[in-house]
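Single-letter residue listing:
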Amino acid sequence: MLKTLFDFPGKVSAIVLLTICLFMPVGTRAAIISHKIKPGSVVFTLNKGLMALTICKADIIEVKYTLFSSFSEKPSLVVINKWNYPAFQLTENKNEYIITTARLKVLVSKATNAITYADLNGKQITCEDKKDNKTITPAKIAGIKTYTISTRFDSPKNEALYGLGCHPEDSLSINYKGRNQDLAIRYMTGAVPVLLSTQGYGLMWDNYSASKFYGAEAGDTKFKYVSESGRQVDYYFFYGPDFDHIISLYRQATGKAPMFAKWAFGLFQSQDRYMSQDEVLSVKNNYRNNHIPVDVIVQDWYYWNPSPIGVHVMNPARYPNAKKMVDELHQAHIEGMISIWPVFGKGTKNFDALKKMGGLTNITWDNAVSHTFDTYYDAHNPKARELYWDQARDSLIKRYGWDAWWVDQCEPDNGTLLNERRKADFWPGKGIDYFNTYALEHSKGIYQGWRRDVPGKRAFFLIRQSFAGEQRNAAALWSSDIFCGFGAFKNQVPQGINACASGIPYWTSDIGGYQYHWKAPDWSRPEFRELFTRWFQFGTFCPLMRIHGKGERALFSKNWDPVTKNILLKFDHLRYRLLPYIYSLAGKTTMDNYTMMRALTFDFRDDARVYSIPDQYMFGPAFLVNPVTEQLYTSTDHLSGETTRKVYLPKSAAWYNFWTGEILKGGQTVKAAASIDILPLYVRAGSIIPMGPQVEYATEKPNEVIELRIYAGASGEFKFYEDQNDNYNYEKGQYATFNLRWDDRQRTLSISDTKGQFPGMLKQRTFNIVLVKAAHGSNVGVTTQADKTVVYQGKAMAIKL
C-alpha cells in the first residue's frame, strides 16, 4: 500500500506530483489509471478523461470530471472564495483511493471513479451511483452542438431533499424525494442549484445551463441532476451535518448576505400601479394620518409612459416634481422603491449608447409581440453592466433620491422563445451555457455600482429571479406574478421555505397575490378579504413583508370591513413589535450565515415526521408558524365562526400557544384554533423573544425599553444585535451584541457584557422581563405587569425569576 501525507496550509510554493500506474481490464468504464497531487487537490487520469477533487475546506469538496484533455479555465460566476487549502491525507488500497480531511473521508473507486463520502468513523453520508455517476453525452439543442452533463447519486428510502430555489406555481410537496423539478429560469419559475439532504450534506452544481432534477430514479433509490450544456461535471459537496452549517459553507463559497437597512424589515406598500405623484403621496398620507405602521412605498412600472421603456425618466405630466415627492416620503420617514428594468426600447439614448458599445443582446421582451422589440442589455458584459448602472444612477437613483430598486423582468423574460435565449451571444459565450445566470450578473452590476456611488446607504434589491450566489448582491427574491387564490397561496409556503433552504436568506411574495385572471379582484368580497387576511398573517412571519398586486389593498383601504381591518392592524403591529427579534436575526444572517425562514429539518432533522410537511416552518429559533392556506369560510356576507387546522408539534421540545400561553408536548399533532383572527403560532420552550414598543416605522424609537418574553421549560439563548440601521459601518466592526441566556433549572436569566460599539449606541436600556404563563405574556400587546424590571448598562448581570 502506498501512503502519502500532503499538508498545504496556505500558499504552497511547490507542487508534488505522483503518478501510479494501475493494472485494470481494458475497457473498464471511466477507470482511474493514474493520479497526481496539486495544492489542495488530487487529479485523476481516467481511461476516459480526467477527474479532479479539490479539498476547498475540510468539509467542502469540489468535484470536476471531463472527457476532454483539460478542464475549463473560465472562472466560476458562482464561487468567489479564494480557498486557503487545508491539510489532507491520501491513502489507497486495492480498490480505492481515500482522501481524509479533518472532517471527512472521501473514497474514490478505482474501477468506476464513483465517489463515496463518509464521516471520520467511516459511516457513509452519501455516494455517487456506481454505474452512471458522472456522464457527458453529445447533444444538439436549438441547433447548437454541445454536451449534456449529469451526475447521479444513491438515495436511501428515508432521505428527504430540499432547496432548488423558488418555483411559484409548483403545487407539489416541499420534499423533492421521489419527484422531478425543472431548473430553467424563465417567467414564473426559478432555479437555485443547491440541494440539502436530511442525511447531513448539501450539493451545489456549478453549471449555468437549463437543468433538471430527477428525484424518482430507480424506484426513488437514486436522484440525478442533468444540465443541458457543458464540457465538464462540476459540483460541490458540503458536509454539515446540520443544515445551518451546510448553508454557512455554501455562503462561505458564494458570498455572505450583506445587512439590509432596518426599514427593510417593516411593511412594504406596493400596487400595480400608482399612476401619479398625487397618488403616491395620498398613500403616504393615509398611512401616516391613520397611524398605521409602514416603512416603504413602491413605484411600479410604466411611470415612463408614453416614452419607451429604458428612457429612465418619470413622466413629468404625472410626476411634476418627482424629487419633491420622494423628499416628502422621507420627511414622513418612508423609503421609496422604484421598478427599473434591464430592457430598452429603440429610440432612446440609453438604447443607442448600449448598442454602440456592443452591450445589447438579441433577446426581446415577451416574444416581441407588442413592445417594438424592446431589447435586453447584456448583463454578462462588464462594460455593459457599468454603463447600465451609470444610466440608471444618474437618471433615477440620484436624480430623484430613490432608496431601493425593484429588479423586475430579469430572467430575461422573452416568453416562449427560449431557444432564442439559448442561441443568444452573451459576452462570455452562447446563451445556452449562461441560461440561468442573467439575474446573478445583473444584480452584480447594480450592487457594485451602488456600493461605490451610494456609499452611505445600504443597498436593497427586490429581484424576480435568483441563482446560487445571488445573496451576496443584496438581492431579496420575490415569487413573481402569482394568482390571487388560495391554491396559489398554498403553493407559496413551501416555495418560500425551499428558496431559503437554497441559501437565499430573504424571500417574499405578493401578499394577496398579484393578479386575478390578469385583473384586480374585488377585494371587498368576503372570499378575497379572507384570502388577503390569511396571506397577510403569513407575510408577518416571512423575512420580508410586502403588499403588492392589482387593486387597492393598502391597510387603510375602504375594501376592508372593520373586522378585517382590525385583524390586519393586529398583525402589522405584531410585526413591528418583533423588530428587535427580526433585526437580530438579520444580524445573525450576515455575521453567522443564518437562515431566518427555516424548513423544520433545520431544527428537527432527527424527527422524520417533519420531512414532508409543506406548510409549517420555523421563523428564527422561537416561532413555529402554521399558515392557514385553505379557504375555511363560505359565508357570502361576513367572515365569522371558529375553525381549526392540524399542526404537528415537533418532538424534543415543548410548545407554547403564542395567543393563550397554553403549553403542549412535542411529538403530537393537534387541532389548532384557526379562527380568521388567529394564525396558529407556537413558541418553542426555552425561547427568549425581545419585543419592542409599538411604532409606526422601524426606526421611530430606539430600543430603550424591551419586553423580554421567556418561555420556560428548557434552557435557551438569544443573541441581540444592533447597529446604526442604515450604513456599512458594521463592516468596520461598528455594531454591538449581547447574549441572553435562560437557565431553566436555576430559573435564571443571564445577560452578558455588551461586545462592540457604534456611534449613537444606547448607554443603558430597560428590560421588562416576562415569564410567560397562560395569559400572562401572551398575545400581541405590551404586557402590563412584568415579572421583573431591570436596567442594563452593558455589564453582565443575572436575574433570578
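Numbers given for residues are sequential positions, taken from 1 along each chain in its written order. Restriction of local features to residues with pLDDT of at least 70 applies here, the model being predicted, together with a cutoff of 80 or more for giving and counting side-chain atom pairs; totals for whole chains, interfaces and linings are based on all residues. To get the side-chain values, all heavy atoms of the structure are used, and hydrogens and water are removed first.

Asker: So what's going on with the overall build of the protein chain? Which residues, and what values?
Answerer: Helix and strand counts for the protein chain stand at 12 helices and 48 strands. Relative to the globule expectation of 28 Å for 801 residues, the C-alpha radius of gyration of the protein chain, 27 Å, shows essentially globular dimensions. Overall, the protein chain is about 80 × 75 × 55 Å in size when its C-alpha atoms are taken along their principal axes. Relative accessibility decides the category of a residue: with a 1.4 Å probe and only protein chains considered, values under 20% of the type maximum give buried, values over 50% give exposed, and everything between is partly exposed. Within the protein chain, the proportion of its 801 residues that are buried is 64%. By sequence separation, contacts in the protein chain at least 24 residues apart represent 70% of the contacts at least 6 residues apart. Where accessible areas are quoted, they stem from the Shrake-Rupley method and a 1.4 Å probe; at the residue level, only the protein chains shown are allowed to cover. For the protein chain, the accessible area works out to roughly 28900 Å², and carbon and sulfur atoms hold 51% of it. Here the protein chain contributes 95 positive and 78 negative side-chain charges, whose respective centroids are spaced 4 Å apart. In DSSP terms, a helix is any run of H or I states spanning at least four residues, a strand is any run of E spanning at least two, and both are numbered starting from the N terminus. Every radius of gyration here is taken over C-alpha atoms, with the globule rule written as 2.2 Å times N^0.38, N being the number of residues. Contacts between residues were defined by any pair of non-hydrogen atoms, one from each residue, lying within 4.5 Å. His is not counted, nor are the chain ends, whereas Lys and Arg count as positive and Asp and Glu as negative. For this purpose, a charge sits on NZ of Lys, CZ of Arg, CG of Asp or CD of Glu.

Asker: I'd like to hear about the pattern of salt bridges, residue by residue, with values.
Answerer: Salt bridges are identified by distance alone: a Lys or Arg side-chain nitrogen within 4 Å of an Asp or Glu carboxyl oxygen. Going through the model one piece at a time under the given rule, you end up with 48 salt bridges. Measuring nitrogen to oxygen at the nearest pair gives 3.0 Å for the salt bridge that ties D327 to K323. Of the two residues, D327 and K323 are both situated in helix α3 (residues 322–331); the distance of four residues between them amounts to about one turn of the helix. Judged by its relative accessible area of 28%, D327 is partly exposed. Looking at K323, the relative accessible area reads 34%, which means it is partly exposed. Measuring nitrogen to oxygen at the nearest pair gives 2.7 Å for the salt bridge that ties R393 to D453. With a gap of 60 residues between them, R393 in helix α5 (residues 382–401) and D453 in helix α7 (residues 438–453) connect regions that are remote in the sequence. Among the residues examined, R393 registers a relative accessible area of 14% and is labelled buried. Residues joined in a network through salt bridges with shared partners are D129, R152, D154, E217, K222 and K224.

Asker: Requested: an account of helix α10 (residues 562–577), with residues and values cited.
Answerer: Taking 1.5 Å per residue as the helical rise, α10 with its 16 residues ought to reach 22 Å, and the 22 Å between its terminal C-alpha atoms agrees with that figure. If you check which residues of α10 are buried, you get T564, I567, L568, L569, F571, D572, L574, R575, Y576 and R577. Every helix has an expected span of 1.5 Å times one less than the residues it contains.

Asker: How would you summarise the sheet that holds strand β42 (residues 705–710) if you had to cite specific residues and measurements?
Answerer: Only when DSSP finds a minimum of two bridges between them are two strands counted as paired. Ordered by their spatial adjacency, four strands build an open sheet running β41-β42-β46-β47, and the pairing between neighbours is mixed. This sheet does not close on itself; its edge strands, each paired only once, are β41 (688–691) and β47 (788–792). Averaged over all neighbouring strand pairs, the angle between strand axes comes to 25°, with direction disregarded. When strand β46 (residues 765–771) meets β47, the two strands line up antiparallel, connected through five bridges. Residue pairing across strands places I769 opposite K788, the latter belonging to β47. Each axis is a line fitted through C-alpha atoms, and for a helix only the stretch in contact is used; angles between axes span 0 to 180 degrees, taken between their N-to-C directions.

Asker: An account of the sheet that holds strand β24 (residues 360–364) is needed here, citing residue identities and associated values.
Answerer: In space, the three strands of this open sheet follow the order β23-β25-β24, with antiparallel pairing throughout. Of all the strands in the sheet, just β23 (343–344) and β24 have a single pairing partner and so form its edges.

Asker: Residue-level account of helix α1 (residues 243–254), with values.
Answerer: Spacing of three or four residues puts side chains on the same side of an α-helix, whose turn is 3.6 residues. Here α1 contains 12 residues, and its C-alpha end-to-end distance of 16 Å stays within 8% of the 16 Å for a straight helix at 1.5 Å per residue. Buried residues dominate α1, accounting for nine of its 12 residues. Along α1, the residues that are buried comprise F243, I246, I247, S248, L249, Y250, R251, A253 and T254.

Asker: Any details on the confidence of the model for the protein chain? Residues and values, ideally.
Answerer: Across the protein chain, the average pLDDT comes to 93, with 94% of residues at 70 or higher. Counted against residues more than four places away or in other chains, residues 1–28, with its pLDDT under 50, gives 66 contacts. As a per-residue quantity, pLDDT reports the predictor's confidence and falls between 0 and 100.

Asker: Help me get a handle on the environment of V296, residues and values and all.
Answerer: Looking at the secondary structure, you find V296 in strand β21 (residues 296–299). As a C-alpha pair, V296 and T116 span 180 residues in sequence and 50 Å in three-dimensional space. In contact with V296, not counting residues within four places along its chain, are W263, L267, F268, Q269, I334, E335 and M337.

Asker: Please set out unusual backbone geometry residue by residue, giving values where relevant.
Answerer: Going from G240 to P241, the amide bond is cis rather than trans, its omega being 0°. Following the sequence through the fold, P241 ends up in the loop between β19 (233–239) and α1. N305 connects to P306 through a cis peptide bond whose omega is 15°. Secondary-structure assignment places P306 in the loop between β21 and α3. A positive phi angle, close to 55°, is found at A142, a residue other than glycine. Here A142 shows up in the loop between β11 (134–141) and β12 (144–154).

Asker: Can you tell me about the environment of V493, naming the residues and giving the values?
Answerer: Considering the arrangement of structural elements, one finds V493 in helix α8 (residues 486–501). V493 sits 396 residues away from Y97 along the chain, and the two C-alpha atoms are 44 Å apart. In contact with V493, not counting residues within four places along its chain, are F538, M597, P614, D615, Y617, P627 and T629.

Asker: Report on the packing of aromatic side chains, specifying residues and quantitative values.
Answerer: Side-chain rings of Phe, Tyr and Trp (the six-membered ring for Trp) are treated as a pair once their centres are within 6.5 Å; stacked means planes under 30 degrees apart, edge-to-face means over 60, and tilted covers the remaining angles. On inspection of all chains with the given rule, the structure shows 69 aromatic pairs. Between W341 and W365, the aromatic rings sit 4.7 Å apart at their centres with planes inclined by 80°, giving edge-to-face as the arrangement. Here the residue W341 occupies a position in the loop between β22 (335–340) and β23, and W365 occupies one in the loop between β24 and β25 (375–377), the gap between them amounting to 24 residues. Like W365, W341 is buried.

Asker: Go over the pairing of strand β18 (residues 222–227), please, and point to the residues and values.
Answerer: By the criterion of burial, β18 is predominantly enclosed, with five of the six residues buried. In the sheet, β12 pairs with β18 via six bridges, with the strands oriented antiparallel. What sits directly across from S150, in β18, is V226. Between strand β17 (residues 211–217) and β18, which pair antiparallel and follow one another directly, the connecting turn spans four residues, one of which, A218, has a positive phi of 50°.

Asker: Mind laying out the side chain of K177, listing which residues take part and the relevant values?
Answerer: Following the sequence through the fold, K177 ends up in the loop between β13 (161–163) and β14 (180–183). An unpaired buried charge is present at K177: no salt bridge exists, and E159, the closest side chain of opposite charge, is 4.6 Å distant. Definition of a polar contact: a pair of N or O atoms within 3.5 Å, with one able to donate and the other able to accept a hydrogen when the atoms are protein atoms, and with sequence-neighbouring residues admitted only if both atoms are side-chain atoms. Among the polar contacts listed, one links the side chain of K177 to the backbone oxygen of P156, at a separation of 3.0 Å. At a separation of 2.5 Å, a polar atom in the side chain of K177 contacts the main-chain carbonyl oxygen of D220. Setting aside anything within four residues of it in sequence, one finds K177 in contact with S155, P156, K157, E159, L161, G215, D220 and T221.

Asker: Which residues make up the packing of α8 against helix α9 (residues 526–540), and what values do they have?
Answerer: Packing of α8 against α9 brings their axes to within 11 Å, and their N-to-C directions diverge by 5°. In terms of their interaxial angle, α8 and α9 are classed as roughly parallel. The segment α8 lies against α9, with F486, A488, F489, Q492 and V493 engaging E527, E530, L531, R534, W535 and F538. Looking at the contact of α8 with α9 residue by residue, the class counts come to seven nonpolar, one polar and three charged. Between 65 and 115 degrees an angle is taken as roughly perpendicular, under 35 as roughly parallel, over 145 as roughly antiparallel, and anywhere else as oblique. Gly is placed with the polar residues, together with every amino acid not listed as nonpolar (Ala, Val, Leu, Ile, Met, Phe, Trp, Tyr, Cys and Pro) or charged (Asp, Glu, Lys and Arg).

Asker: Explain the environment of N414 residue by residue, including any values.
Answerer: Structurally, the position occupied by N414 is in the loop between β26 (404–407) and α6 (418–423). From its side chain, N414 meets the backbone oxygen of L417 in a polar contact 2.6 Å long.

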